[in-house]
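Take a look at the letters that make up each chain.
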Amino acid sequence: MKLLHIYASSYKGLSKESWMLALVMLINRAGSMVLPFLGVYMTAHLKFSIEHTGIVLSFFGIGSVIGSWIGGFITDKIGEYKVQYLSLLLSVPLFCLIPLFKTEVGVAAIILIQSIVSDSFRPANSVAITKYAKPENITRAFSLNRMAVNLGFSIGPALGGILSAISYEFLFFSNALAALLAGILYIIFFRKRNKLAKLKARKVKEAIEIKKENSPYQDNKFLIYCFLCMLFSICFFQLFSTLTIFYTDTAHLSQQNIGYLLGYSGFIVVLLEMGLVQIAEKYLSLARTMFLGTFICGLSYAMLGFDYSIITLVISMTLLSIGEIWALPFMSTITALRSGKNNKGAYMGLNGISFSIAFIVTPYLGTLIAEKLGFTVLWIGTGVLATLIAIAFYFIVPWMIKDNKEIVD
């Protein structure tokens, strides 16, 4: 009953804007069936080699880095409202163009452009979450948004597995439609609210002197933290590249079953995230939460180095889902705590870059290790690296936000 009470209370106190941001994200991510199947699309449909597929997928990461930087920079200049709706609407035609390209160079180029546009959305969205959430609810607002992402992700890949068996073009067109619907809904709901927020901000600027805040690129403690986030992402984001290839080539899963397994991951996160986040906030420090989340993610991959029966695959995916719940939303909270009032976009953008770099490194490094040394070495090595990162998080987080004692202790 106590656990049920904690779970129920985890949804209380969240603003209407937080719920609407989550709904927009849900619609957008419900069509996010492209990314998990890009590796399979290129190897099975376009007949690219595994190594060339890894190189092409790295261009998604390059675009993500550029998009995160541009998105963070522009957000602090023109506001998160314009950046978000422009990113969503401009993504629509780009998704439709992807199936027209059939060569490695062509696919890499269109994925690069699409990634730049799509990922400029992330820092702006993170700023919007902190803008409309109450200070005591920031982590839960991020968790609600992630829950929407994972609910969409549980729907998208499951549907994507079915559609890709018919035609891969359906994947790209579905993503385009979802981005269009999300953009329209966002504009309708936030247009007036954004104007009111701008008027309020102007009054605040007139009433107080704006303090100049440092750039996150000069914040050495935050740079170290972002480096650890990047290493974690290199481990975790194999979910979107190497893992699906492993499911196909080694575990011999069908495309539909891959979609169901990825959808199961999203379902677990949707079911457990808000409750587990609430438990972590009540009983664990940020340092312990980050340690546990990172370690569990590493354990989920290490298991695959010893067995890949269907039971092991399900247990591994369950652990990976629990690990990400206790890692990813708290990374955003730590970033928000470290930033100032007028440079949140830059901080969120830099933290987003750390994730984006992983999209460059992970596909190529993962496929290279798998091809040269085998998946067993890849998965065990991932588990060892994640354990070391978990230990580093345990010490770096209190050091980075030690001035905020009520959060750390």
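Everything here concerns the structure above.
Definitions and cut-offs
- Residues numbered from 1 in each chain as written.
- Predicted model: local features only at pLDDT ≥ 70, side-chain atom pairs only at ≥ 80, totals over all residues.
- Heavy atoms only, no water.
- Helix = DSSP H or I, 4+ residues; strand = E, 2+ residues; numbered from the N terminus.
- Buried < 20%, exposed > 50% of the residue type's maximum accessible area, 1.4 Å probe, protein only.
- Contact = heavy atoms within 4.5 Å.
- Areas by Shrake-Rupley, 256 points an atom, 1.4 Å probe, with all protein chains shown as cover.
- Salt bridge = Lys/Arg side-chain N within 4 Å of Asp/Glu carboxyl O.
- Axes fitted to C-alpha atoms, helices over the stretch in contact; angles between N-to-C directions.
- Parallel < 35°, antiparallel > 145°, perpendicular 65-115°, else oblique.
- Nonpolar A, V, L, I, M, F, W, Y, C, P; charged D, E, K, R; others polar.
- Disulfide = S-S within 2.5 Å.
- Phe/Tyr/Trp six-rings, centres within 6.5 Å; stacked < 30°, edge-to-face > 60°.
- Core = buried A, V, L, I, M, F, W, Y, C linked by side-chain atoms within 4.5 Å.

Q: What is the right way to read the overall build of the protein chain from this model?
A: On a plain count of helices and strands, the protein chain comes out with 18 helices and zero strands. Looking at the 409 residues of the protein chain, the share that counts as buried comes to 57%. When contacts within the protein chain are restricted to residue pairs at least 6 apart in sequence, those whose partners lie at least 24 apart make up 87%. Of the roughly 17700 Å² of accessible surface on the protein chain, 69% is carried by carbon and sulfur atoms.

Q: I would appreciate a short explanation of the pattern of salt bridges in the present structure.
A: Pairing is possible between side chains of opposite charge, provided their charged atoms come close. Considering all chains together, one arrives at four salt bridges under this definition. Across the salt bridge formed by Glu 80 and Lys 131, the nearest N and O atoms sit 3.0 Å from each other. Linking Glu 80 in helix H5 (residues 80–97) with Lys 131 in helix H7 (residues 121–132), this pair joins segments that are 51 residues apart in sequence. A salt bridge links Arg 122 to Asp 119, with the shortest nitrogen-to-oxygen separation between them at 3.2 Å.

Q: Looking at this structure, I do not really get the packing of helix H4 (residues 50–78) against H7. What am I missing?
A: When two helices pack together, you describe them by how their axes are tilted relative to each other and by the distance separating the axes. Packing of H4 against H7 brings their axes to within 6 Å, and their N-to-C directions diverge by 40°. Classified by the angle their axes make, H4 and H7 are oblique. Contact residues: Ser 64, Ser 68, Gly 71, Gly 72 and Thr 75 in H4; Arg 122, Pro 123, Ala 124 and Val 127 in H7. Residues that form the contact of H4 with H7 fall into these classes: three nonpolar, five polar and one charged.

Q: Help me understand the state of the cysteines, please; the structure alone is not making it clear to me.
A: In a disulfide, the sulfur atoms of two cysteines are held together by a covalent bond. The tally for this structure, following the rule as stated, stands at zero disulfides. Considering cysteine sulfurs only, Cys 226 is the nearest to Cys 229, which forms no disulfide, with 5.7 Å between them. Cys 235 forms no disulfide, and the closest cysteine sulfur to it belongs to Cys 297, at a distance of 8.9 Å.

Q: Please explain the packing of aromatic side chains as it appears in this structure.
A: The description of an aromatic ring pair rests on the distance of the ring centres and on the angle between the ring planes. All chains considered together, the criterion is met by 21 aromatic pairs. Consider the rings of Trp 69 and Phe 73, whose centres lie 5.7 Å apart with planes at 10°: the pair is stacked. On the criterion of helical spacing, the pair formed by Trp 69 and Phe 73 is a turn pair, its members being four residues apart in helix H4. Classification of Phe 73 by relative accessible area gives partly exposed; the value is 45%.

Q: Explain the side chain of Ser 126 here, please?
A: Locating Ser 126 in the fold gives a position in helix H7. Relative accessible area serves as the criterion here: at 15%, Ser 126 is assigned to the buried category. Not counting the four nearest positions on each side in its chain, Ser 126 is found in contact with Phe 142 and Met 348.

Q: Got a minute to help me understand the nonpolar core in this structure?
A: Soluble, globular proteins show a tendency: their nonpolar side chains are buried together. Ranked by size, the top nonpolar core spans 83 residues in total, and within it Met 42, Phe 232, Leu 239, Leu 243, Tyr 247, Met 331 and Phe 393 carry the most contacts. With eleven residues, the single largest contributor to this core is helix H10 (residues 220–236). Setting aside residues no more than four positions away along its own chain, Met 331 makes contact with Tyr 225, Cys 229, Phe 232, Met 290, Asn 351, Phe 355 and Phe 393. Ranked by size, the runner-up nonpolar core spans 29 residues in total, among them Leu 21, Ala 22, Leu 26 and Leu 144.

Q: What am I meant to see in unusual backbone geometry here?
A: Leaving glycine out, the prevailing phi sign among residues is negative, and the prevailing peptide bond configuration is trans. Of note, the phi angle at Lys 47 is positive, near 65°, even though the residue is not glycine. Here Lys 47 lies in the loop between helix H3 (35–45) and H4. Take Lys 47: its relative accessible area is 65%, and that puts it in the exposed class. Its identity as a non-glycine residue notwithstanding, His 252 has a phi of 55°, on the positive side. Positionally, His 252 belongs in the loop between helix H11 (242–249) and helix H12 (255–283).

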